[in-house]
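Secondary and tertiary structure notes
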Amino acid sequence: MIDKTVWGGYESGRPDRSGQAEAFDAIGDRYDEAFPHKEGQFSAGLWLVDTLPPGSRVLDLGCGTGLPTARQLSDAAFDVVGVDLSAGMLELARTYVPGAVFHQLDIADLRPGGPVRLGRFDAVAAFFSLLMLPRAEIPHALRTIHHLLVPGGLFALSMVEADVDDFSIPFLGFTIRVSGYLREDLLHVIESGGFEIVKEFSYTYAPAFSDVPPEEQVFLCCRRTG
């Protein structure tokens, strides 16, 4: 039985994110063309590679095309599982990273007591995936990630620093909805979700070609507590 006071709307099933998924289905590999330089994401992935032993089980949550993270982790001899809402992105990911396993799922599907059980992971990577959720859902997503991790498991994530909640923005010819926090607020949300922040850094990033303005990207390397 899911505690409704803890899980909000998640107990009633998957939230409707069809518009987001359809946008990324249509964007496809144009995403990697618009965002070719992912130094921050690669650096946070390298923290996982340097910290975990080979053979560790890692979840790439919101894996997109699998580049660069699923490929980076697979090349490091990890057992990689990728999850994304976009069937089009996953089709590319299966081509780019044949050594990983990919599932078309929503994070709400993975909640404790939810319809899908992928087991526990030594680490979870969530690069720019939590920002696709309304703020009200982000604590629930963090509890799900905490549940998916083994005790002491690692969590690497990134968000765009912005004081917005479920805000519509133009993105590569489509409209998507995003959320963000100012840095101190983000740190509080992550720590309240049951994580110790081991390392943090940021990059100012301007897409190669896009209607999205330059953004401040915050990367956090965390460890599950409790």
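Residues numbered from 1 in each chain as written. Predicted model: local features only at pLDDT ≥ 70, side-chain atom pairs only at ≥ 80, totals over all residues. Heavy atoms only, no water.

What about the pairing of strand β1 (residues 57-61)?
- Among the five residues of β1, four are classified as buried, and the element is accordingly described as predominantly covered.
- Bridge count for β1 against strand β2 (residues 79-84) is five bridges, and the pairing is parallel. Residue pairing across strands places Leu61 opposite Val83, the latter belonging to β2.
- In this fold, the crossover linking β1 to β2 by way of helix α5 (residues 69-75) has right-handed handedness.
- Pairing analysis gives three bridges linking β1 to strand β4 (residues 121-127), with the strands arranged parallel. Of the residues in β4, the one forming a bridge with Leu59 is Val124. (Buried < 20%, exposed > 50% of the residue type's maximum accessible area, 1.4 Å probe, protein only. Helix = DSSP H or I, 4+ residues; strand = E, 2+ residues; numbered from the N terminus. Pairing = 2+ DSSP bridges. Right-handed = clockwise from strand over helix to strand, strands pointing away.)

Description of the confidence of the model for the protein chain
- Averaged over the protein chain, the pLDDT score is 87; the fraction of residues at 70 or greater is 81%.
- Scored below 50 in pLDDT, residues 1-9 shows 13 contacts in the model against residues more than four places distant or in partner chains. (pLDDT = per-residue confidence, 0-100. Contact = heavy atoms within 4.5 Å.)

Section: the sheet that holds strand β5 (residues 149-160)
- On the basis of which strands lie adjacent, the open sheet formed by seven strands has the order β3-β2-β1-β4-β5-β9-β8 and mixed pairing. Each end of this open sheet is capped by a strand with a single partner; those strands are β3 (101-104) and β8 (195-205). In this sheet, adjacent strand axes meet at a mean angle of 15° when their direction is disregarded.
- Bridging between β5 and strand β9 (residues 215-224) involves seven bridges; their strand directions are antiparallel. Within β9, the residue paired with Ala156 across the bridge is Cys221. (Axes fitted to C-alpha atoms, helices over the stretch in contact; angles between N-to-C directions.)

Regarding the packing of aromatic side chains
- On inspection of all chains with the given rule, the structure shows six aromatic pairs.
- On the basis of an interplanar angle of 45° and a centroid distance of 4.9 Å, the ring pair of Phe155 and Phe195 is categorised as tilted. On the criterion of sequence distance, the pair formed by Phe155 in strand β5 and Phe195 in strand β8 is long-range, its members being 40 residues apart.
- Exposure remark for Phe155: the relative accessible area of 0% places this residue in the buried category.
- Taken together, the ring pairs connect Phe127, Phe128, Phe201, Tyr203 and Phe219 into an aromatic cluster.
- If you follow Arg57 out to its NZ or CZ, it ends over the ring of Phe121, 4.1 Å from the centre. (Phe/Tyr/Trp six-rings, centres within 6.5 Å; stacked < 30°, edge-to-face > 60°. Lys NZ or Arg CZ within 6 Å of the ring centre and 35° of its normal.)

Here's the deal with unusual backbone geometry
- Backbone torsion omega between Leu67 and Pro68 reads 0°, so that peptide bond is classified as cis.
- Following the sequence through the fold, Pro68 ends up in the loop between β1 and α5.
- Despite not being glycine, Phe128 shows a phi value in the positive range, around 60°.
- Within the secondary structure, Phe128 is located in the loop between β4 and α7 (138-148).
- The phi torsion at Asp166 lies on the positive side, around 50°, for a residue other than glycine.
- Here Asp166 lies in the loop between β5 and β6 (167-171).
- Looking at Asp166, the relative accessible area reads 29%, which means it is partly exposed.

A few points about the pattern of salt bridges
- This model, assessed by the stated rule, comprises six salt bridges.
- With its nearest N and O atoms 3.7 Å apart, the salt bridge here joins Arg183 to Glu161. One end of the pair, Arg183, is in helix α8 (residues 183-192); the other, Glu161, is in the loop between β5 and β6, and 22 residues separate them in sequence.
- Of the charged contacts, one joins Glu216 and Arg183 as a salt bridge, the two residues approaching to 4.0 Å between their closest N and O atoms. One end of the pair, Glu216, is in strand β9; the other, Arg183, is in helix α8, with 33 residues separating them in the sequence. (Salt bridge = Lys/Arg side-chain N within 4 Å of Asp/Glu carboxyl O.)

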